[in-house]
Every structure is written in C-alpha cells, then in structure tokens.
Amino acid sequence: AGASAFAHALNAHGGLEELGLHKNDLGWGGMEVCKALQNNKMLKSLGLSHNRIYIQAGETIAESMQTCILCRLEMNNCWIGFQGVAALAHVLKNNVTLQVLQIAKNDLGDKGAVCIAALVRANKQLVDLDLSMNGITSAVAEQLSDAFKGNQTLQCVDLSDNAIDDQGAELLAK
C-alpha cells in the first residue's frame, strides 16, 4: 500500500526532482514506484537503497530509464542480482543523464561486474560508481581496469569489500 502511494505521488507530482525511499521495506511494491518513473520527466535523483525490490524491479527501472532523466540512482542492497544489473547496464550504456550509480551489496558477482564493465566503456556521463560488497573477484579485474581506463568521465569507483586479491588489485591499478 505504501509503495502504491509513492507511485501515485510520482505520477501526480510531475515536478518532483528528488525522491528518497531508503529503508522502507518496499518489497514487490517497489516495482510500482519503478514503473511510475516512466511517467515522471523531472525526477533527477532516486534513492531506493535497503529495500528488497529484487530482480524484476531492476528490470523495470531499466525500462523506465529509457524515458526519465535520472542523474543519480541509489540501489544499494536491493537484491537485484546479476539479472537486474544486466538489464540496467544494457539500458544505461546509452544513457546521457545518469552520473551517479550506487549498486553496492546486490550480489552481482563476476557476471554482473562484466555487465558493468561494458556499461563503463560505453557510458560517457557516469562520474561515480559504487560496486562495493558484490562478490566481485580478481577474475574480472582486467576487464574492469580496461573499462575504467577507457572512460574519461569516471572519477570515483568503490570496489571495497569484494574478493579482489593482490593480483587483481595490481590489474586494477594499471
């Protein structure tokens, strides 16, 4: 019910530019909020962190990102996993507004990191990327390093609390 109210507010208040819904236990109702993004042309910042919105919400946000002008998306600890981030990364490759993407603690693993590497190579607007606590290993360090080197806008990357060993760190530092 609460998520429906937030979704209605997004639809009714077309001038809303920022919405923080962190730690609201949105669950599956978070999809309604994500769908409402398609109708809101002014929202620049959306905070959904610490809500169990799962893979489907990640996919729904990806669909919505095609029409909205978000500059900042915070989805830390939302349980979107590899499939949710794959959908997001696919759409965000060509996004011209998103500058901050925080997707820490979403169990992305190496598969998700590969999707993010492709996003970073293609997206020329992203400035801040948080990938902390995602089970990323040294196996994809070289792919991430190559992506980071090829992106001139990226200024801040958080890879803390992953499984990147000394060899992976050396690859990332190159």
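Just so it is clear, the structure is predicted and the values come from calculations on it, not from any experiment.

Caption draft 1: How the structure looks around the overall build of the chain. When you go through the chain residue by residue, the secondary structure sums to seven helices and six strands. Its helices and strands taken in sequence order, the chain reads α-β-α-β-α-β-α-β-α-β-α-β-α from the N to the C terminus. With the principal axes as the frame, the chain shows a C-alpha extent of 50 × 30 × 20 Å. Out of the 174 residues belonging to the chain, those deemed buried represent 48%. Intrachain contacts of the chain at a sequence separation of at least 6 include 86% that bridge at least 24 residues. Split by element, the accessible area of the chain, about 8,100 Å² in all, is 50% carbon and sulfur. Between the averaged position of the 13 positive side-chain charges in the chain and that of its 18 negative side-chain charges there is a distance of 5 Å.

Caption draft 2: Representation of unusual backbone geometry in the model. The backbone of Asn77 shows a phi angle near 55°, a positive value even though the residue is not glycine. Mapping Asn77 onto the fold places it in the loop between strand E3 (72-74) and helix H4 (81-92). Since its relative accessible area comes to 18%, Asn77 is described here as buried. Non-glycine residue Lys105 carries a positive phi angle of around 55°. Looking at where Lys105 falls in the secondary structure, it is placed in the loop between strand E4 (100-102) and helix H5 (109-122).

Calculation criteria
- Residues numbered from 1 in each chain as written.
- Predicted model: local features only at pLDDT ≥ 70, side-chain atom pairs only at ≥ 80, totals over all residues.
- Heavy atoms only, no water.
- Helix = DSSP H or I, 4+ residues; strand = E, 2+ residues; numbered from the N terminus.
- Buried < 20%, exposed > 50% of the residue type's maximum accessible area, 1.4 Å probe, protein only.
- Contact = heavy atoms within 4.5 Å.
- Areas by Shrake-Rupley, 256 points an atom, 1.4 Å probe, with all protein chains shown as cover.
- Lys, Arg positive; Asp, Glu negative; His and termini not counted.
- Charge placed at Lys NZ, Arg CZ, Asp CG, Glu CD.

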